[in-house]
Amino acid sequence: MEMNDIATPTRTRELLNKYGFKFKKSLGQNFLVDPNVIRNIIDAAGIDETCGVIEIGPGMGSLTEQLARKAKHVLAFEIDQRLIPILADTLSPYENVTVVNEDILKANVKEAIDKHLSDCDEIFVVANLPYYITTPILMGLLEQHLPINSYVVMMQKEVGERLTAGPSTKAYGSLSIAIQYYTDVKRVMIVPKGVFMPPPNVDSLVVKLTTLPEPRVKVDDEKIYFKLTRGAFVQRRKTILNNYMSLFPNSKEYKDEIIAWLEESNIAPSRRGESLSLEEFARLANNIKNYPQIVI
Ligand code: SAM
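Here the structure is a predicted model, which is why all the values come from computation and not from measurement. (Residues numbered from 1 in each chain as written. Predicted model: local features only at pLDDT ≥ 70, side-chain atom pairs only at ≥ 80, totals over all residues. Heavy atoms only, no water.)

### Quick look at the packing of aromatic side chains
Under the defined criterion, the tally for this structure stands at 13 aromatic pairs. Relative to F226, the ring of Y225 has its centre 5.3 Å away and its plane inclined at 70 degrees; by these criteria the two rings are edge-to-face. There is no split in this pair, since Y225 and F226 are both buried. Measuring from ring centre to ring centre gives 6.3 Å for F233 and F281, while their planes differ by 40 degrees; the resulting arrangement is tilted. In this pair, F233 sits in the loop between helix 9 (222-231) and helix 10 (240-247) while F281 sits in helix 12 (residues 278-287), placing the two residues 48 residues apart along the sequence. The exposure class of F233 is buried, given its relative accessible area of 10%. Feature note: the residues Y181, Y182, Y225 and F226 constitute an aromatic cluster, connected by ring pairs. (Phe/Tyr/Trp six-rings, centres within 6.5 Å; stacked < 30°, edge-to-face > 60°. Buried < 20%, exposed > 50% of the residue type's maximum accessible area, 1.4 Å probe, protein only. Helix = DSSP H or I, 4+ residues; strand = E, 2+ residues; numbered from the N terminus.)

### A word on the pairing of strand 4 (residues 97-100)
Where strand 3 (residues 73-77) lies against strand 4, 4 bridges are found, and the strand directions are parallel. Bridge pairing in strand 4 places F77 opposite V100. Once you follow strand 3 into helix 4 (residues 83-90) and on to strand 4, the crossover reads as right-handed. (Pairing = 2+ DSSP bridges. Right-handed = clockwise from strand over helix to strand, strands pointing away.)

### A look at the nonpolar core
Among the nonpolar cores identified, the biggest contains 67 residues, and I54, L163, Y225, Y244, W261 and F281 are the most heavily contacted of them. Considering each element in turn, this core owes the most residues, 6 residues, to helix 8 (residues 174-182). Among the domains, domain 1 (9-211) and domain 2 (222-290) are the pair contributing at least three residues each to this core. Each residue touching Y225, except ones within four places of it in the same chain, is listed here: I177, Y181, V217, V219, L278, F281, A282 and A285. (Core = buried A, V, L, I, M, F, W, Y, C linked by side-chain atoms within 4.5 Å. Domains from an automatic or database assignment. Contact = heavy atoms within 4.5 Å.)

### Points about the site of the ligand
Taken together, the neighbourhood of the ligand is formed by 24 residues, with L32, G57, E78, D103 and N128 sitting nearest. At a separation of 2.9 Å, an oxygen atom of the ligand approaches a polar side-chain atom of Q29. The contact in question runs from an oxygen atom of the ligand to an N or O atom on the side chain of S62, over 2.9 Å. The protein chains hide 99% of the 590 Å² of surface that the ligand would expose on its own. (Near = heavy atom within 4 Å. Polar contact = N/O pair within 3.5 Å; in protein donor to acceptor, adjacent residues only side chain to side chain. Areas by Shrake-Rupley, 256 points an atom, 1.4 Å probe, with all protein chains shown as cover.)

### A word on the pattern of salt bridges
Under the counting rule described, the total for this entry stands at 13 salt bridges. A salt bridge links E274 to R272; the nearest nitrogen and oxygen atoms lie 3.7 Å apart. Taking the relative accessible area as the measure of exposure, E274 reaches 17% and is therefore buried. You can call R272 partly exposed: its relative accessible area is 32%. (Salt bridge = Lys/Arg side-chain N within 4 Å of Asp/Glu carboxyl O.)

All quantities given are derived from atomic positions and should not be read as evidence of function.
Quick look at the structure:
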């Protein structure tokens, strides 16, 4: 780290004044002003000069700058047009950074990877995410099966806890299942509010998601799998049978078949959805074809 790094309160304040920049809460703008947190994030990612990095929301470039010093190339998506000239200024010493003024939820990331990162050995996502869209960003990228090895991402602590949660815990739900279907999830560190400008209302968690070569469980039809996992948590306190009785439109007529399907899958109908593992949901998804009466 160097004296004039962006990720310090002094330099950030200087830049805010120089450009008359006002934070937009609606864009989740909480900028990191602590070089140690940035160093830890980058260490967790394990980047070297052969790697390409995708950053979502570079802000004024605090994390981008440190990434550029380590990686082969950094591709950063920033939605806020007001930040583009600021980034051009702060990142001017680095030739290996491309800033794209686009909404990450709408961008063609595959095309951008082909264009900017095709000569990189491995690709990582490293970001202090805009918290209001953490889930759509991660799910959107994972569902596209992009050539991304891992994600080191900071998010609201509660959401991070949902990502890492296992069965029969309060935080476990369809999001835990969806993320763990595609990746191995590890907690990296908790980050207190005070290292951001302005401080957010909640503490944060940095999480590392390592993409699995194949999804964690084998399912014949992902659409059915995710419908069943989501459907099991609609009313957390209800049994899996009752949740599925509400999920299937013709359940009243075919209750016996639903019970038989659960039992064939080795799931007691009286269990709660939150106690089922990814493997158990996969069994349900793969066995449902034996019960064509059940409409999903
Ligand atoms: N990386 C910077 C840092 O750590 O100081 C800023 C992080 S801030 C939490 C989130 C950033 O994401 C903001 O710069 C915000 O403008 C940007 N952002 C918000 N929504 C976005 C979207 N849909 N696509 C791309 N960037 C977005």
